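Each chain is listed here by its residues.
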Amino acid sequence: MALANGEEKKKAGVSYLGKFFPRLRRYPTTYIGFAIILAFLFIAIFGPMIAPYHYSQQNLALRLDPPSEEHIFGTDQFGRDIYSRILVGSRDVLTVAGSGTALAVFFGLLLGLFSGYRGGLFDEMVMRAMDVILSIPPLLLAMVILFALGPSRVNVILVVGFLYIPMVARVVRSVVLELKTRQFVEAARMRGESSLYILYKEILPNVLPSLAVEASMRFSYSIFLVASLGFLGLGVQPPSPDWGLMVGEARTWFYQAQWVLYFPAGAIALLVVGVGFMSDGLRRMLLPGGVSDVG
Amino acid sequence: MGSYFIRRIGFIIITLILASIIIFSITQFLPGDVAQVILGQFATETAIANLREELGLNEPLHMQYLNWAGNFIQGDWGNSLVSRMPVRPIVTQRLVNSAMLAGLALLIYVPLGIVLGVIAALKRDRLPDQMITGVSMAFVGLPEFVSGLLLISFLAIGAGWFPANSSIDPDSTFFQSLPYLILPAITVSLTGLGYVARMTRSGTIDVLRSDYVRAAELKGLPGSQVLTRHVLRNSLLPTVTIVAMGIGWLLGGLIVTEAVYGYPGLGRLLVYGIQRQDLPIIQAGSMIVVAVYSLSNLAADIIYGMLNPRIRVD
């Protein structure tokens, strides 16, 4: 019986995957998105090896030098190679936004699962707490917390993780509330399975598609937030090659040297578009028919 | 509706109290002593001790909070630690400036976003849709400081159409500020435009699939009538909520955009306050932002309820 059940699940899994790819083919932007992200991942891993110069190596004789053969993206106000800085900086943005998203997804998932499944007073309290966090605009809350904790890489990760917990928890909870009434959950309860078993084996797998879509959306918002905090000087501190910080510093110089602004700004734009395409593609693949939700 | 309204107001008051506790407690983690910050690093021990006494810093934390909250409600928002000026006139003046910027941005992106969203929905999966969806996706994700600086570079420095810097006299009237408001308003609008367009598109697609639209088509109504009388009336309902839900985004966007252009609004005031550790400015400014946010959410709920009598929220 157990075996038959497993076989059935496997089959269902195959046809599930089989359904994705034809759907994916209808939206070429999804491929573009994944390609951009893979390219940035590659750069983040191998960037420091590819980079022709060290990201903080100064050359004061060659300040604000326009793009040339030696410096294909030009140099900044300290004569640092912008190309090398962007390559190395991809690590910062992906790890900070990525870890923040991972934190939010993990805790949001836990809260959403238990809150939705248990219901009652616990649910009420968790959701009201989430409402209070949501009552403060995210960027403002991030600024105030970072003001108190002091700006640093770890603190930015913690803040991003904390801020996005409520959004993830709400999405997960709403899916759990719907699943709870389904017959297969009812059946598991009749069999006398424990709550933890039901949550892990019956509910969690069905939450995953929505969670994946939500996570990819959170990732794009995290990049947005991390870059904005870097720009405001509340994120990763100089001389680190954070893209938002580079754009912020470029503000003083781009009147005379546009490339100081264009390349890091272009890198942010490209990454953001890539993540947007990917998350949109994921939503169309995993949640067909659902109202596309932004928020 | 009446009791619902009262309950919502009650909920907002509770939210504001909790938010004020959060903001007050976070700002207590400030590295260093407030009295030290005010007097500078060369102040004598006794001077610091006296000021601590005067500011009530020796009282227990909950008493400090109650004093602060009580004064805040009575309109005494304290004095700026940097300029020593009363905080309330500064914050209200900056709030007006931010409201002018936000209003102009809303006037740009809401109608434009709705039009683009409806076009995308009608041409679903065809070229116009793919272009609108693709471009709006890029705009939604593009941080305001990136789009803002690029706009300055192209339209202000390159083409010379707009001033590159909007750090005008905070007392300027709307018409004095207008030329300086256009570029920041476009910057804020880009994010909101993509957002409204996407949501209008998905709302309209849902309505287009509905039975009553099918029925209207089958009974031979001309397409334009189906669109105005059946589709838009229903598909624009969610847009109201979307615009209001986007207010949180708008507020964040204003903070960054004002920093980019140096526009003297509430956002730039908050960023300055944080850079200079000006505690009263941060507290009052944050509270006002939270209050505006809560009220706009309430307004959205009420408008939504009025537009759609089927919804009885409880």
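Residues numbered from 1 in each chain as written. Chains lettered and ligands numbered in written order. Predicted model: local features only at pLDDT ≥ 70, side-chain atom pairs only at ≥ 80, totals over all residues. Heavy atoms only, no water.

Describe the domain arrangement of chain B, and please don't skip the residues or the numbers.
All names here are of chain B. Partitioning chain B into structural domains gives domain 1 (2–73) and domain 2 (87–312). Taken together, the contact pairs 18 residues of domain 1 with 15 residues of domain 2. Of the roughly 1,500 Å² buried between domain 1 and domain 2 on both sides combined, carbon and sulfur atoms contribute 78%. At the boundary of domain 1 with domain 2, the tally comes to zero salt bridges. Between domain 1 and domain 2 we count one residue pair in polar contact (both at pLDDT 80 or more) in total. (Domains from an automatic or database assignment. Contact = heavy atoms within 4.5 Å. Buried area = accessible area lost by both parts, 1.4 Å probe. Salt bridge = Lys/Arg side-chain N within 4 Å of Asp/Glu carboxyl O. Polar contact = N/O pair within 3.5 Å; in protein donor to acceptor, adjacent residues only side chain to side chain.)

An account of the environment of M137 of chain B is needed here, citing residue identities and associated values.
Here M137 of chain B shows up in helix α6 (residues 127–141). For M137 of chain B, a relative accessible area of 5% corresponds to the buried category. Placed 60 residues apart in sequence, M137 of chain B and A197 of chain B show a C-alpha to C-alpha distance of 9.5 Å. Not counting the four nearest positions on each side in its chain, M137 of chain B is found in contact with G276, F277 and D280 of chain A together with R198 of chain B. (Helix = DSSP H or I, 4+ residues; strand = E, 2+ residues; numbered from the N terminus. Buried < 20%, exposed > 50% of the residue type's maximum accessible area, 1.4 Å probe, protein only.)

If you had to explain the interface of chain B and chain A to someone new, which residues and values would you point to?
The interface of chain B with chain A comprises 55 residues on the first partner and 47 residues on the second. Here chain B meets chain A over a buried area of about 4,400 Å², counting both sides, of which 78% is carbon and sulfur. Considering only the side of chain B, the residues that lose the most area to chain A are F145, L149 and I274 of chain B, jointly responsible for 14% of the buried surface there. Connecting chain B to chain A are one salt bridge. With a shortest N-O distance of 3.1 Å, D280 of chain A and R198 of chain B are connected by a salt bridge. Put simply, chain B and chain A have three residue pairs in polar contact (both at pLDDT 80 or more) between them. Contributing elements (two or more residues each) for the side of chain B that touches chain A: α1 (2–28), α6, α7 (144–158), α8 (174–208), α11 (247–261), α12 (266–275) and α13 (279–307) of chain B. It is α7 of chain B that provides the largest number of residues to the side of chain B that touches chain A, a total of nine residues.

Give a description of the nonpolar core that names residues and reports values.
Counting residues in hydrophobic clusters, the biggest one holds 134 residues, and the most contacted among them are M143, L229, L232 and W243 of chain A together with F145 of chain B. A per-element tally of this core places helix α5 (residues 87–122) of chain B first, with twelve residues. The residue makeup of this core includes at least three contributed by each of domain 1 (2–73) and domain 2 (87–312) of chain B. When sequence neighbours within four positions are dropped, the list of residues in contact with L232 of chain A reads M143 of chain A together with I255, V256, A259, V271 and Q275 of chain B. (Core = buried A, V, L, I, M, F, W, Y, C linked by side-chain atoms within 4.5 Å.)

Help me get a handle on α1 of chain B, residues and values and all.
Over its 27 residues, α1 of chain B runs 39 Å from end to end, which matches the ideal 39 Å to within 8%, given 1.5 Å per residue. Listing the buried residues of α1 of chain B in full gives Y4, R8, I12, T15, A19, S20, I23, F24, I26 and T27 of chain B. (Expected span 1.5 Å × (residues − 1).)

Requested: an account of the packing of α7 of chain B against α11 of chain B, with residues and values cited.
Residues and elements named next belong to chain B. Packing of α7 against α11 brings their axes to within 9 Å, and their N-to-C directions diverge by 35°. Handedness of the crossing formed by α7 with α11: right-handed. Contacts between α7 and α11 involve E144, F145, G148, L149, L151 and I152 from the former and G253, V256, T257, V260 and Y261 from the latter. (Axes fitted to C-alpha atoms, helices over the stretch in contact; angles between N-to-C directions. Left-handed = near helix turned anticlockwise from the far one by under 90°.)

Tell me about the pattern of salt bridges, and name the residues and values.
All told, the structure shown has 17 salt bridges over all chains when counted by the stated rule. A salt bridge links D92 of chain A to R153 of chain A; the shortest N-O distance between them is 2.7 Å. Separated by 61 residues along the polypeptide, D92 of chain A in helix α3 (residues 82–118) and R153 of chain A in helix α6 (residues 153–180) bring together distant segments of the chain. In this structure, R201 of chain B engages D129 of chain B in a salt bridge whose closest nitrogen and oxygen atoms are separated by 2.8 Å. Of this pair, R201 of chain B sits in helix α8 while D129 of chain B sits in helix α6, and the two are 72 residues apart along the sequence. Exposure class is identical for R201 of chain B and D129 of chain B. Each is buried. Through salt bridges with shared partners, a single ionic network connects D76, R80, R85 and E249 of chain A.

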